[in-house]
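For reference, the chains in residue letters:
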Amino acid sequence: MRITLLPGDGIGPEVCREAVRIFHALNSFYNCKFEIIEKPVGGAAIRVAGSPLPENTLEACLQSEAVFLGAVGAPEFDHLDRGQKPEAGLLRLRAELRGFANLRPAACFPALADCSPLRRSRAEGADVLILRELLGGLYFSEPRGFGENQEYACNTMRYSVEEIERIAHVGFQQARMRRKKVTSVDKANVLETSQLWRRVVTSVSRFYPDVKLEHMYVDACAMHLVTNPSRFDVILTENLFGDILSDEAAAITGSLGMLGSATIGGGINLYEPVHGSAPDIAGKGIANPLGAIASVAMLLRHSAQMPHEANDLEDAIENVLDAGHRTADIAGEHPQHVTSTREMGELVECAFVDRLDRRFAYHAV
Ligand code: NAD
């Protein structure tokens, strides 16, 4: 399986280094091979090729079976126009890969419940998958822009039946692999696009009678996410609502550094930790690599058809946290053992290999 690796800027290369360990571990266990091809993106690409997404990088991505990205963004390029900044490379890449379904799981590990801004009893047990429609809605629909003399501005929210159907199918399929509940989030009391959304999601739900569907207004959802997050399984929603709710859900887990993501549906899936390039801690060796490693688990599940190994990797992350190991961002007030980025990567690799060993021993018996 060919994977294009785009470490990018800031802590991107640091966390990618730890994620790549997992592919190497799998290569040494299985007769399969993950071939990793590294290319520059973002500020790193501007420095070597003058563009945040050089043609050579895009070509490699389009010829691979999955793309794995660290993060982009560096203060030295802040003065550039929007279209030339490192972030423009990522936006163009997402558009070229055409993934319409953005999956952001946010689970609060019991060992980290004290790092959450919510009280332990609320944070514990939270395990939600935010599924955000990524190519439609307010961010892309026309007409948009400023009026004469910039005295007004307008954006349009448009959704077609087809756009809603395809993301709804992903939502129900994801729920089938989880706790079989979809909460479809809209603003159908005010918006026609939401009324269409609700109608289409309801009609798609008939293909999935084993999955429970509920509808919820976005304002109510924002409230329930902080008062009772464990009531949610899959939250299915459109682009703008998903953007906001996924950050809210991320906060519950205790640190941005914990979260992975996948963007699927366009043929070549894109995997990346949710966080940015974190220039404030770049180069210090203290970044949390668990979001990047969690993104590897998502790749194993969604692109490599290795669900057991994906589970093993997620269990390995949890084991390491249960044993008290913490990077600085999740150390809380009484850190037992604060690890560097590299130590955390090594610990997870070790726990993962241990699980693969046991899987092999079981099959050998
Ligand atoms: P950020 O996610 O980089 O950092 C926010 C805060 O979280 C910082 O204090 C940072 O130290 C901390 N943090 C983030 N990831 C961490 C990790 N793995 N371990 C420990 N702490 C972590 O967001 P920002 O500061 O708003 O943006 C910095 C740059 O990143 C900007 O240039 C922005 O455009 C870019 N950005 C890129 C992406 C992406 O590549 N997908 C996403 C968001 C922001």
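Quick look at the structure, then.

Procedures and definitions
- Residues numbered from 1 in each chain as written.
- Predicted model: local features only at pLDDT ≥ 70, side-chain atom pairs only at ≥ 80, totals over all residues.
- Heavy atoms only, no water.
- Core = buried A, V, L, I, M, F, W, Y, C linked by side-chain atoms within 4.5 Å.
- Buried < 20%, exposed > 50% of the residue type's maximum accessible area, 1.4 Å probe, protein only.
- Domains from an automatic or database assignment.
- Contact = heavy atoms within 4.5 Å.
- Helix = DSSP H or I, 4+ residues; strand = E, 2+ residues; numbered from the N terminus.
- Pairing = 2+ DSSP bridges.
- Axes fitted to C-alpha atoms, helices over the stretch in contact; angles between N-to-C directions.
- Near = heavy atom within 4 Å.
- Polar contact = N/O pair within 3.5 Å; in protein donor to acceptor, adjacent residues only side chain to side chain.
- Areas by Shrake-Rupley, 256 points an atom, 1.4 Å probe, with all protein chains shown as cover.
- Nonpolar A, V, L, I, M, F, W, Y, C, P; charged D, E, K, R; others polar.
- 1 Å grid on protein atoms, 1.4 Å probe; cavity = no way out; pocket = protein on both sides within 12 Å on 5 of 7 lines; lining within 4 Å.
- Points joined across faces, edges and corners; volume = space filled by probe spheres on them.

## Concerning the nonpolar core
Thought 1: Phe34, Phe68, Leu299, Leu300, Leu313 and Val348 are the most contacted members of the largest nonpolar core, which has 68 residues in total.
Thought 2: There are two domains that each give this core at least three residues, and those are domain 1 (1–104 + 255–364) and domain 2 (117–253).
Thought 3: Among all residues touching Leu313, those that are not within four sequence positions of it are Ile22, Ile293, Val296, Ala297, Leu300, Val348 and Phe352.
Thought 4: Ranked by size, the runner-up nonpolar core spans 22 residues in total, among them Leu118, Leu225, Ala250 and Leu259.

## Some points on the pairing of strand E12 (residues 269–273)
As a general feature of sheets, a regular strand has side chains that alternate between the two faces.
Thought 1: Counting buried positions over the five residues of E12 gives five, a clear majority of the element.
Thought 2: Judged by which residues are buried, E12 turns out to be covered on both faces: Asn269, Tyr271 and Pro273 on one side and Leu270 and Glu272 on the other are all buried.
Thought 3: As paired elements, strand E3 (residues 66–71) and E12 share three bridges and run parallel to each other. Each residue of the ladder has a partner; that of Ala66, found in E12, is Asn269.
Thought 4: As judged from the four bridges shared by strand E11 (residues 260–264) and E12, these two strands associate in the antiparallel manner. For Ala262, the partnering residue across the bridge sits in E12 and is Tyr271.
Thought 5: Between E11 and the antiparallel strand that follows it, E12, lie four residues; Gly265 among them carries a positive phi value of about 110 degrees.

## Here's the deal with the pairing of strand E5 (residues 127–133)
Thought 1: With six of seven residues buried, E5 lies mostly within the body of the structure.
Thought 2: Sheet analysis places strand E4 (residues 101–107) next to E5, joined by seven bridges and oriented antiparallel. Directly across from Arg104, in E5, lies its bridge partner Ile130.
Thought 3: Where E5 and strand E10 (residues 234–237) come together, four bridges link them in parallel fashion. Bridge pairing in E10 links Ile130 to Ile235.

## Focus on the sheet that holds strand E8 (residues 181–186)
Consider a sheet: its strands pair through backbone hydrogen bonds, and that pairing is either parallel or antiparallel.
Thought 1: Pairing is mixed across the open sheet formed by 10 strands, whose spatial order is E2-E1-E3-E12-E11-E4-E5-E10-E8-E9. Edge strands, defined here as strands with exactly one partner in the open sheet, are strand E2 (35–38) and strand E9 (212–217). Along the sheet, successive strands turn relative to each other by an average axial angle of 20 degrees, direction set aside.
Thought 2: Sheet analysis places strand E1 (residues 2–8) next to E2, joined by four bridges and oriented parallel. The partner of Thr4 across the bridge, within E2, is Ile37.
Thought 3: Along the sheet face, helix H4 (residues 86–97) touches E1, E3 and E12 and points at about 145 degrees away from the line of E12.

## Quick notes on the site of the ligand
Thought 1: Around the ligand lies a shell of 19 residues, among which Val72, Glu87, Gly276, Ala278 and Asn288 are the nearest.
Thought 2: A distance of 2.9 Å separates an oxygen atom of the ligand from a polar atom in the backbone of Val72.
Thought 3: Relative to its unbound accessible surface of 800 Å², the ligand loses 67% to contact with the protein.
Thought 4: Residues that form the shell around the ligand fall into these classes: nine nonpolar, six polar and four charged.

## What about empty space enclosed by the protein?
Thought 1: In the structure shown here, the tally under the stated rule is three cavities of 30 Å³ or more.
Thought 2: What the largest cavity holds in volume is close to 50 Å³.
Thought 3: What lines the largest cavity is simply Arg94, Leu97, Gly99, Leu134, Leu135, Thr263, Ile268, Asn269 and Leu270.
Thought 4: Looking at the lining of the largest cavity, the elements that each hand over two or more residues are H4 and E12.
Thought 5: Here the lining of the largest cavity is composed, by residue class, of five nonpolar, three polar and one charged.

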